Each structure stands twice: as structure tokens, then as C-alpha cells.
Amino acid sequence: MVQPSKSIESVRLERTRGGASGRARDWVTVEEPLEIRVAPSPAGPEASPGAPARSVAVTMRTPGEDFALAAGFLVTEGVLKGREALREITYCRSGRGPQEYNIVEVRLREGVTVDLDRLSRNVYTTSSCGVCGKASLEALEIRGCAPLPLGTLALPGALLAGLPDRLLAAQEDFARTGGIHAAGLFDAAGELVSVHEDVGRHNAVDKAVGAAFLAGELPLLERALVVSGRVSFEVVQKALAAGIPLVAAVGAPSSLAVSLARRFRITLAGFVREGGFNLYSAPERVS
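Please read all numbers here as calculations on a predicted model, not as lab measurements. (Residues numbered from 1 in each chain as written. Predicted model: local features only at pLDDT ≥ 70, side-chain atom pairs only at ≥ 80, totals over all residues. Heavy atoms only, no water.)

Engineer: Any chance you could explain the packing of aromatic side chains here in plain terms?
Structural biologist: Scanning the entire structure with this criterion turns up two aromatic pairs. Arranged with centres 4.9 Å apart and planes meeting at 70°, the rings of tyrosine 91 and tyrosine 101 form a pair that is edge-to-face. Taken together, the residues tyrosine 91 in strand E5 (residues 86–91) and tyrosine 101 in the loop between E5 and strand E6 (103–108) connect sequence positions ten residues apart. Overall, tyrosine 91 belongs to the partly exposed group, its relative accessible area being 21%. Look at tyrosine 101 and you get buried, because its relative accessible area is 11%. By the ring-pair criterion, three or more aromatic residues cluster together here, those being Phe67, Tyr91 and Tyr101. The ring centre of tryptophan 27 lies 4.4 Å from the NZ or CZ of arginine 176, which sits over that ring. (Phe/Tyr/Trp six-rings, centres within 6.5 Å; stacked < 30°, edge-to-face > 60°. Helix = DSSP H or I, 4+ residues; strand = E, 2+ residues; numbered from the N terminus. Buried < 20%, exposed > 50% of the residue type's maximum accessible area, 1.4 Å probe, protein only. Lys NZ or Arg CZ within 6 Å of the ring centre and 35° of its normal.)

Dropping the structure here:
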């Protein structure tokens, strides 16, 4: 049987240093498409397990944690409201060889309904952007999102400033390739709870959220999300959907990310590094 792809691979190259060139090998991050399909659960014990699954998104991702990625995307798009809504996640069962590992099928429990037409219309995918929902603050309010409560998480400023370095130390694929994003979840003591890497920054966040969802840990009201790059609207949106009250980034936030964080009382920290950071919203969580 064909096995899922690895997250990195070795390639031949011509390397030039100091005016001298020579053949060498190096590690690069693997990038492959992942199609996410959703299907209602078949009704009754005699129903066929092959009920039609509908494609809702395709994203360029780094193989690994594909089920968490699919679950995280569906959680942050408002499809999976709770662990009880999910029956199973599998790779494609069509038996078409390697492609089966680039298709994930998510089956919902009987009675769970979702507007797949809306979901298909509202997503746009690229490797740099991940799978992104419509940039609409009003849409999040319509979905029932509410401002996150204060008092669930607080971090000393000195501890917050050191989190990106702790995340970097745990990025195994980045250490070998230098070409992959990361999302890490930290507790109030600054301990790294989980780290997830992907060529798409939003995919890395979806993997973090999806893994927590599959473990029955949502909402993540006592966790901080640290990302290795900049912060866009979609990153903050995904944190909101998972109940994460604090988002910290090595880079800068976008204007819409700041607006979203302020609207829903998420602490947003940018340019976080030893020696300081910027707080754009809800500074009460940082002492």
C-alpha cells in the first residue's frame, strides 16, 4: 500500500559560496494539495459507508496531521460545532493509489446538517493563505461568536516575550528546511503544549485547532497561540473559533486582524521577541 508523503524531502542542487560552486543536497518542505470533502453520515446500521462526499476546499499543505487540518478548518468555518457532530475522518476510500492520501473525507453524524453551498462559496485557497473564510466581522457575529471572557488566561510580559524562541526551538522541520510556518499552543506557565508545522501559516493554525478539537479540548480558554509569521484576519478568526484568548506573533498584524481582535476581546501581540512586543488589543491579559 502507498504510504502518505513525508513532510520534507532531499533534493539535488548547485550551491555557490564565496565564488565557488559545487553539487550538494538539501532538505526542502514538501508541498502537496489536500482536498477536504464532507458527507452526512449514512442513516441506519445497514446504510452504505460510501455515502457521497462533497468537496468543500482544496489547500496546498505539508503532509502530516491531515485529519487535524481538516477538522480544524471545519471548526473554524463553523461546520463542526462540537465533537459529537463528527462521526469519522478517513482518507479517500476510492483505492486510486497515491491520490487517496491527498483527499480527506469528513463524515458527520446522522442529523447533523450544514450549508455546504455557503461553505464552498466562501473559501479561497493558496499555499500562502491557507483555507480562508470571508473577511467579515458581521459574519462571525451571525455565527454566534461572542467576545472572549477576561480572567481565563494571564501572562507576565517577560514570559510572553520569550514564547517565539520556545516555539522556534521545537520546530523540527524548520530547523532542517528553513521554509515552513509554525503554530504553537502554550499554557499560562509558558509551557509548550503542542506545535504544528505547515507550508501554509493558516494550515498550521488549523492543525493546532483540529488536534485540540479531536482530543475534546475546545474551547482553549487557557491557551495562548503563537505563530511564526505575521497575523492576518484569518489567524485571529481561527483563534476566536477555538476560544483562544491570546495570539502572539513574531511579525506584524494586519488592520483587519486588529479590528477583529478588538471586537472580540482577543489579546493580540505583534513583533514579539526578547526585549519587547506590541499589544494591539485587550492588554489586560499581559502583566
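Engineer: Could you clarify how one ought to interpret the pattern of salt bridges in this entry?
Structural biologist: Pairs may arise between side chains of opposite charge once their charged atoms sit close together. For the coordinates displayed, the defined rule picks out nine salt bridges. Overlapping salt bridges, with partners in common, bring together Glu35, Arg37, Glu105 and Arg107 in one network. (Salt bridge = Lys/Arg side-chain N within 4 Å of Asp/Glu carboxyl O.)

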